[in-house]
Amino acid sequence: MTSYISAWIWSERFWFPENVTWADLERPPPGVEYPRLGHLMYAFPLAVGVFLLRLLFERLVAKPCAHILQIQAGVPRRAQPNDVLERVYQSKTSPDTRQLDGLSKQLDWDVRKLQRWFRIRRNQDRPSTQIKFCESMWRFTFYSGIFVYAMRHLWVSPWMWDVRECWHNYPFQAISSGQYNYYVAELAFYWSLMFSQFIDIKRKDFVIMLVHHLATIMLITFSYTNNMIRAGTLVMVVHDASDIFLEAAKLANYAKYQRLCDGLFVVFSISFFISRLVIYPFWIVYTVLIDSWEIIGPYRAWWLLNGLLLVLQTLHIIWFYLIARIAIKAIFKGKVSKDDRSDIESSSDEEMNSNNRKTPNGVITWIQGRSICGIQT
């Protein structure tokens, strides 16, 4: 059974076009290196290193910057200790009306007091602005650095200017050290994000981001394994471009530089639209879907990779809808305000929620579309 599954997973008919075998890629010409799956194993220890580097960066660089900008850690108000309510909170952070009525009778508390307790308890678990600032500063630094590194190598690459070059002589395309380093760095970063997402600031789009990271990791791995690296590097650099402005806007927001935040949000919105709703679908997805069909023809992995690319494009459309909605609100309210995915609740928010009404949030829904990568995103 194991051998059958292994043979199915590593089937040459799945990974490559007709008349191409694993043996062909294992015997490159002298001085030429083709991608191998084993090369990506270095990403796992590197992911641990990236996570540790992030911890050092946040402590030694980001936190002092936060202090300079007078962004304080803040001490959240503590909820009154209550074993009964704590047990309920651990199972459900926002009890419904029926549960609140039951707790009101059990504890002889009025419903408003219970609502206030749960609100304080939720805020108690939320990270401070300083923590969010440090997280965003780390991401801003990584995206900026990796984007500059990628552009340095891609600028002189022919497929940067003619995307059909991605498929000429495919899959017998040599990999350069710059391409390899870029791929491994991105994969390590997304593995670190994948695991740290469970301990980072909890967002309302947690599930969407989880799908995003999984798709990104799968696309990086698949595109490397069957040597779609040229297209993969284009995908990654397109996504990193808008992520830089996203994190910069968040930093300005946390530092309370409102005008700078508004300006950066506009730049982010424009760069997101151009990179992910114009360049990505009409140049990159087009070449992976149409040009590759004409030049090398479809095969099984080709269908899977294109399917993942289209999933990521669907996420882009969802995110841009959220961005556009926030931009429209900002126009009428005069500013982009706060992060809708992790804000501290106000008492008025709680009361309106209890009445089953939605609070009108004129806020920044920070879409961390970090980049889908590899032939990724």
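Scoring rules and cut-offs
The written sequence of each chain sets the order in which its residues are numbered from 1. This being a predicted model, a pLDDT of at least 70 is required before a residue's local features are given, and a value of 80 or more before pairs of side-chain atoms are given or counted; all residues contribute to the totals for chains, interfaces and linings. Water and hydrogen atoms were dropped before computing side-chain values, which therefore reflect all heavy atoms in the structure. Here, the term nonpolar core denotes a set of buried Ala, Val, Leu, Ile, Met, Phe, Trp, Tyr and Cys residues that are joined through side-chain atoms within 4.5 Å. Buried means the residue's accessible area, taken with a 1.4 Å probe over protein chains only, is under 20% of the maximum for its type, while exposed means over 50%, and partly exposed covers the values in between. Note on definitions: a residue-residue contact is assigned when non-hydrogen atoms from the two residues lie within 4.5 Å. UniProt positions are given in the numbering used here, feature names are shortened, and annotations may be inferred rather than shown by experiment. The helix count covers DSSP runs of H or I at least four residues long, the strand count covers runs of E at least two residues long, and both are numbered beginning at the N terminus. Each axis is a line fitted through C-alpha atoms, and for a helix only the stretch in contact is used; angles between axes span 0 to 180 degrees, taken between their N-to-C directions. Roughly parallel means an angle under 35 degrees; roughly antiparallel, over 145; roughly perpendicular, 65 to 115; everything else is oblique. For a crossing to be left-handed, the near helix must be turned anticlockwise from the far one by less than a right angle; the clockwise case is right-handed. Just so you know the grouping, Ala, Val, Leu, Ile, Met, Phe, Trp, Tyr, Cys and Pro go in nonpolar, Asp, Glu, Lys and Arg go in charged, and all remaining residues, Gly too, go in polar. A helix is expected to span 1.5 Å multiplied by its residue count minus one. Stacked, edge-to-face and tilted are the three classes for Phe, Tyr and Trp ring pairs, Trp counted by its six-membered ring, which pair at centre distances within 6.5 Å; planes under 30 degrees apart are stacked, over 60 edge-to-face, the rest tilted. Each residue carries a pLDDT score, the predictor's confidence in it, ranging from 0 to 100. Salt bridges are defined by distance alone: a side-chain nitrogen of Lys or Arg within 4 Å of a carboxyl oxygen of Asp or Glu.

Novice: Would you mind showing me how to read the nonpolar core here?
Specialist: One recurring pattern in soluble globular proteins is that nonpolar side chains are buried together. Counting 82 residues, the largest nonpolar core has W167 and F189 as the members making the most contacts within it. Beyond its immediate stretch of four places on either side in the chain, F189 contacts V50, W138, R139, F142 and Y143. Listed in part, the 12 residues of the second largest apolar core include V84, L100, L114 and I120.

Novice: How should I be thinking about the UniProt feature "transmembrane region" (unreviewed entry) in the chain in this particular structure?
Specialist: Using the residue numbers shown here, the UniProt feature "transmembrane region" (unreviewed entry) corresponds to residues 39-57, 180-199, 206-225, 264-289 and 301-323. Annotated as 100% helix and 0% strand, the span residues 206-225 places its first and last C-alpha atoms 28 Å apart. As a span, residues 264-289 carries 100% helix and 0% strand, and end to end its C-alpha atoms are 33 Å apart.

Novice: Which parts of the structure should I look at to understand the environment of F195?
Specialist: Along the chain, F195 turns up in helix α10 (residues 177-196). In the structure, F195 is positioned 18 residues away from H213 in sequence and 9.9 Å away in space, judged by C-alpha atoms.

Novice: Sorry if this is basic, but what is going on with the packing of α10 against helix α12 (residues 229-254) here?
Specialist: Relative orientation and spacing of two packed helices are given, respectively, by the angle between their axes and the distance between those axes. Interhelical geometry of α10 versus α12 gives an angle of 55° and a closest axis separation of 11 Å. Taken together, α10 and α12 sit at an angle that is classed as oblique. For the crossing formed where α10 meets α12, the hand is left-handed. Where α10 abuts α12, its residues Q179, Y182, Y183, E186 and Y190 lie against I229, R230, G232, T233, M236, V237 and D240. Residues of the contact of α10 with α12, tallied by class, amount to six nonpolar, three polar and three charged.

Novice: Can you help me understand α12 in this one?
Specialist: One full turn of an α-helix is made of 3.6 residues, so residues set three or four places apart face in the same direction. With 26 residues, α12 extends 37 Å between its outermost C-alpha atoms, agreeing within 8% with the 38 Å of an ideal straight helix rising 1.5 Å per residue. Here α12 lies mainly inside the structure; 24 of its 26 residues are buried. Two residues or fewer past α12, K256 is found with a positive phi of approximately 65°.

Novice: Can you walk me through the packing of aromatic side chains in this structure?
Specialist: Centre-to-centre distance and the angle between the planes together describe a pair of aromatic rings. Within this structure, the stated rule accounts for 22 aromatic pairs. With a centroid separation of 5.4 Å and an interplanar angle of 45°, the aromatic rings of F44 and W191 are classed as tilted. Of the two residues, F44 sits in helix α4 (residues 43-68) while W191 sits in helix α10, which places them 147 residues apart along the sequence. You can call F44 partly exposed: its relative accessible area is 40%.

Novice: Explanation requested: the packing of α10 against helix α11 (residues 206-225) in the structure shown.
Specialist: Between α10 and α11, the shortest axis-to-axis distance is 10 Å and the interhelical angle comes to 155°. Regarding the angle of α10 to α11, the classification is roughly antiparallel. In the crossing of α10 with α11, the sense of the turn from one axis to the other is left-handed. Contacts between α10 and α11 pair Y180, Y183, E186, L187, Y190, W191, L193 and M194 from the former with L210, H213, L214, T216, I217, I220, T221, S223 and Y224 from the latter. For the contact of α10 with α11, a count of residues per class yields 12 nonpolar, four polar and one charged.

Novice: Is there a simple way to explain the confidence of the model for the chain in this structure?
Specialist: Detailed conclusions should not be drawn from predicted coordinates in areas where pLDDT is low. Overall, the prediction assigns the chain a mean pLDDT of 80, with 83% of residues at 70 or greater. The spread of mean pLDDT over the elements of the chain runs between helix α15 (residues 347-354), the lowest at 41, and α4, the highest at 93.

Novice: How do you make sense of the side chain of Q179 when you look at a structure like this?
Specialist: Within the element layout of this structure, Q179 appears in helix α10. Contact partners of Q179, with chain neighbours within four places excluded, come to W159, A174, I229 and R230.

Novice: What's the story with the pattern of salt bridges in this structure? I'm lost.
Specialist: As a working rule, side chains carrying opposite charge can pair if their charged atoms are close by. As enumerated under the stated definition, the model contains six salt bridges in all. Its salt-bridge partner being D291, residue R164 comes within 3.2 Å of it at the nearest N-O pair. Of the two residues, R164 is situated in the loop between α9 (158-161) and α10 and D291 in helix α13 (residues 258-295); the sequence distance between them amounts to 127 residues. For K250, the salt bridge goes to E247, with nearest N and O atoms at 3.6 Å. Taken as a pair, K250 and E247 lie in helix α12 at a separation of three residues, close to a single helical turn. In this structure E247 comes out as buried when scored by relative accessible area, which is 0%. Each member of the salt-bridge network shares a partner with another, and the members are R164, D291 and E294.

Novice: I keep staring at α10 and nothing clicks. Help me out?
Specialist: Counted at 1.5 Å a residue, the expected span for α10 with its 20 residues is 28 Å, and the 28 Å between its end C-alpha atoms agrees. Burial analysis of α10 places 16 of its 20 residues in the buried class, the great majority of the element.

Novice: Any chance you could explain the environment of K92 here in plain terms?
Specialist: Topologically, K92 is positioned in the loop between α5 (83-91) and α6 (97-107). Residue class for K92 comes out partly exposed when judged on its relative accessible area of 32%. Separated by 26 residues in sequence, K92 and F118 place their C-alpha atoms 9.9 Å apart. Excluding anything up to four places from it in sequence, K92 contacts Q99 and F118.

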